[in-house]
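Architecture at a glance
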Amino acid sequence: MNLRSPAFAILFAVSLIAAAGNMALQSVLPAIGREFGLRDTLVSAAFAISALMWTLTSPYWAGLSDRLGRKKVIMIGLGGFVVSIGGFGLATTSGLQLWLAPMLAFVLMAVARTIYGVFGSASPIAAQAYVADRTTPEQRTQSMSLLASAQGLGTVVGPAVAPFFILPFVGLAGPMYAFALLGAVVLWIVWRRLPSGDVVRQPTGRPTDAGKGLWRDPRVRDYLLYGLLVTGAQAVNISVLGFHVIDELGATGVSVRDAQPFIGIAMLAGAAATLMAQWGLIPLLKLQAADLMRWGAGLALVGNVMTIAAPGYYGVVVGYAVISLGIGFARPGFTAGSSLSVGRHEQGAVAGLMMSLAGLSFLGPPVIGVALYELAEAGPFAANILLLGVATLLCFSSPRLRLGPPDLPDRDETPAPETPPASQPGPEGGR
């Protein structure tokens, strides 16, 4: 696949709009919860069902994309995104305008988010498999990393533009309406412009056999374990960030609504650090999968230590930026490493595993992290230090992670200088 082709540009837009919309929602969610008078833990727990549905449905979408075709599954996923984020906006407006009781409005918001949990993984799985279908193994790291960089860029765009859509009457729901409209536009472009193509995806066996039991396969098992540790820690940081900023600024007399731009700035700093790693440091240093994972877990660990050691808004922003820098290294490492460790006919299955991993990371960790935060400000960051310490040790103790994917004669897994590897955010945001 030509990375400058219109088809790749469309796939890039699909990933960008979904990531930006999710991060915009993530940036306003703490303020919405505080405006509704809900406990922070309840806000996180209500959205765990979205992550659960994401985890359960990801393997289904991976298999369906093999049978139904990549383009159709991309459209299904985009349609679910539009309905979900638009419905979330309507429920938020109903609660803020007191058309409905805040608790009832919040239940409807959780329902809307559950819709995203069911359909949200379809688009990234099918898009990743679409690219894998049309690239050679030696092109795989570059093409998939560039596709994933759209999600990294979305983590910048979402929080940065969200405050501009907080307008009179719609208030905190404004960003959801804006991204629902943009998602509908991208859906129309996919329908009209993205080639479907016919690609032989599995030369032998039944389509449902591809990747069966892959999560137990020693080729990818350690990548999945590492990814679960790192993305779980990242999910804690993302879920706690908004509440942390509101509380730090609240101590200086800043109201919840006035704190919203500062949440966007903190998220923007984190996203910028991620892109600095992906578009600058990784191509410059020409790091391979094993190096990316070691540096990623280590830097994220240091960022959590900094968050504890330097309280106040400045400490929150700098600590989150260092954490995000580490995630910017880690995610391309285990994503590309797992993809390069399996055959072409297993790409849909391994993409489904990666999406299931994203769902698992946002199932329990955010709720636990916010609960720890309510008990003690340093609680979630101390827990993350433990998780990331285990991930770092795994990089050196596992032969698979220490050596990286098998060195096949026809494959060079070192990214080219122009390659911008990137992260792949989970269902609740990026990061």
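Turning next to the overall build of the protein chain. Of the regular secondary structure elements, the protein chain holds 16 helices and zero strands. The 431 residues of the protein chain split such that 60% are buried. By sequence separation, contacts in the protein chain at least 24 residues apart represent 86% of the contacts at least 6 residues apart. Total accessible area on the protein chain stands at roughly 16000 Å², and carbon and sulfur atoms take up 69% of it.

The subject of this paragraph is the packing of helix α9 (residues 221–250) against helix α10 (residues 260–285). Their axes nearest at 9 Å, the elements α9 and α10 cross at an angle of 130°. Considered as vectors, α9 and α10 are oriented oblique to each other. Judged by the twist between their axes, the crossing of α9 over α10 is right-handed. In this structure, α9 uses Leu241, Gly242, Val245, Ile246 and Leu249 to contact α10, whose residues at the interface are Phe262, Ile263, Ala266 and Met267.

This next bit is on the packing of aromatic side chains. Considering all chains together, one arrives at seven aromatic pairs under this definition. With centroids separated by 5.1 Å and ring planes inclined at 65°, the aromatic side chains of Tyr60 and Trp61 adopt a geometry described as edge-to-face. Geometry around Trp191 places Arg192 over its ring, the cationic atom sitting 5.3 Å from the centre.

With that out of the way, let us pick up a nonpolar patch on the surface. Taken together, the side chains of Leu42, Met103, Leu104, Val107, Leu108 and Val111 present a nonpolar region at the surface, about 480 Å² in accessible area. The element best represented in the nonpolar patch is helix α5 (residues 102–119), accounting for five residues. Secondary-structure assignment places Leu104 in helix α5. Accessibility expressed as a relative area gives 44% for Leu104, which makes it partly exposed.

With that settled, the discussion passes to the nonpolar core. Counting 59 residues, the largest nonpolar core has Leu11, Ile32, Ile74, Phe88, Met176, Val190 and Leu194 as its most contacted members. Setting aside anything within four residues of it in sequence, one finds Leu194 in contact with Ala7, Ile10, Leu11, Lys71, Ile74, Tyr130 and Ile189. Counting 18 residues, the second-largest nonpolar core is a separate cluster that includes Ala233, Phe334, Leu388 and Leu394.

Bringing the packing of helix α1 (residues 6–35) against helix α4 (residues 70–96) into the picture now. In contact at an axis separation of 11 Å, α1 and α4 are set at 20° when each is read in the N-to-C sense. On the basis of the axis angle, α1 is roughly parallel to α4. When you trace α1 past α4, the crossing you get is left-handed. Of the residues in α4, those in contact with Leu11, Val14, Ile17, Ala18, Gly21, Leu25, Leu29, Ile32 and Glu35 of α1 are Ile74, Leu78, Phe81, Ile85, Phe88, Thr92 and Leu96.

To continue, consider the pattern of salt bridges. One pass over the structure, following the stated rule, counts five salt bridges. Measuring nitrogen to oxygen at the nearest pair gives 3.2 Å for the salt bridge that ties Arg34 to Asp247. In this pair, Arg34 is assigned in helix α1 and Asp247 in helix α9, connecting sequence segments 213 residues apart. Arg34 gets classed as partly exposed once you look at its relative accessible area, which sits at 26%. On the basis of relative accessible area, Asp247 is assigned to the partly exposed category, the value being 32%. One salt bridge connects Asp66 with Arg70, and the closest N-O pair in it is separated by 2.8 Å.

Of the residues making up helix α14 (residues 365–375), those classed as buried are Pro366, Val367, Gly369, Val370 and Tyr373. Buried residues of α14, viewed axially, fall in a sector of 165°; they line one side. The exposed residues of α14 that point more than 90 degrees off its buried face are Ile368 and Leu375.

This part takes up the environment of Pro159. Inspection of the secondary structure puts Pro159 in helix α7 (residues 137–161). Judged by its relative accessible area of 1%, Pro159 falls in the buried class. With residues near it in sequence (within four places) discarded, Pro159 still touches Met23, Ala24, Ser27, Gly154, Gly264, Met267 and Leu268.

By the secondary structure assignment, Val236 is in helix α9. Exposure remark for Val236: the relative accessible area of 6% places this residue in the buried category. Each C-alpha atom of the pair Val236 and Asn384 lies 7.7 Å from the other, and the pair is 148 residues apart in sequence. Once you skip the residues sitting within four places of it in the chain, Val236 turns out to touch Pro365, Gly369, Pro380 and Asn384.

As a further point, take helix α11 (residues 289–309). Residues spaced three or four apart along an α-helix point in a common direction, a consequence of the helix completing one turn every 3.6 residues. Taking 1.5 Å per residue as the helical rise, α11 with its 21 residues ought to reach 30 Å, and the 31 Å between its terminal C-alpha atoms agrees with that figure. Taken residue by residue, α11 has Ala289, Ala290, Leu292, Met293, Gly296, Ala297, Leu299, Ala300, Gly303, Asn304 and Thr307 as its buried positions.

So, on to unusual backbone geometry. Positive phi, normally seen in glycine, also occurs at Leu98, with a value near 65°. Looking at the element boundaries, Leu98 is found in the loop between α4 and α5. Phi is positive for Phe169, which is not a glycine, with a value near 75°. Of note, Phe169 is situated in the loop between α7 and α8 (174–193). Overall, the relative accessible area of 52% leaves Phe169 in the exposed class.

What counts and how
Position labels on residues start from 1 in each chain and follow its written sequence. Where totals are concerned, whole chains, interfaces and linings use all residues; where local detail is concerned, this predicted model gives features only for residues with pLDDT of at least 70, and gives and counts side-chain atom pairs only at 80 or more. Side-chain measures were taken over the full set of non-hydrogen atoms in the model, leaving aside hydrogen atoms and water. Numbering of helices and strands starts at the N terminus; helices are DSSP runs of H or I of at least 4 residues and strands are runs of E of at least 2. Relative accessibility decides the category of a residue: with a 1.4 Å probe and only protein chains considered, values under 20% of the type maximum give buried, values over 50% give exposed, and everything between is partly exposed. Whether two residues are in contact is decided by their heavy atoms, any of which lying within 4.5 Å being enough. Exposure was quantified through the Shrake-Rupley algorithm and a 1.4 Å probe, taking into account, for residues, occlusion by the shown protein chains and nothing else. Think of each axis as a best-fit line through the C-alpha atoms, taken over the contacting stretch in the case of a helix, with angles from 0 to 180 degrees between the N-to-C directions. Angle categories: roughly parallel below 35 degrees, roughly antiparallel above 145, roughly perpendicular from 65 to 115, and oblique for all the rest. Note on convention: near helix rotated counterclockwise from far helix by under a right angle means a left-handed crossing. Clockwise means right-handed. Whether two aromatic rings pair depends on their centres lying within 6.5 Å, for rings of Phe, Tyr and Trp, where Trp uses its six-membered ring; planes under 30 degrees apart make the pair stacked, over 60 edge-to-face, and the rest tilted. Only lysine NZ and arginine CZ atoms are considered, and such an atom sits over a ring when it is within 6 Å of the ring centre and within 35 degrees of the ring normal. Patches draw on residues past 30% relative accessible area with no salt bridge. Two like charges within 9 Å are joined, as are two nonpolar side chains (Val, Leu, Ile, Met, Phe, Trp, Tyr) within 5 Å. One side-chain nitrogen of Lys or Arg within 4 Å of one carboxyl oxygen of Asp or Glu is enough to make a salt bridge. The criterion is simple. A nonpolar core is a set of buried Ala, Val, Leu, Ile, Met, Phe, Trp, Tyr and Cys residues joined through side-chain atoms within 4.5 Å. Think of it as the arc spanned by the lines of direction from the helix axis to the C-beta atoms. A helix is expected to span 1.5 Å multiplied by its residue count minus one.

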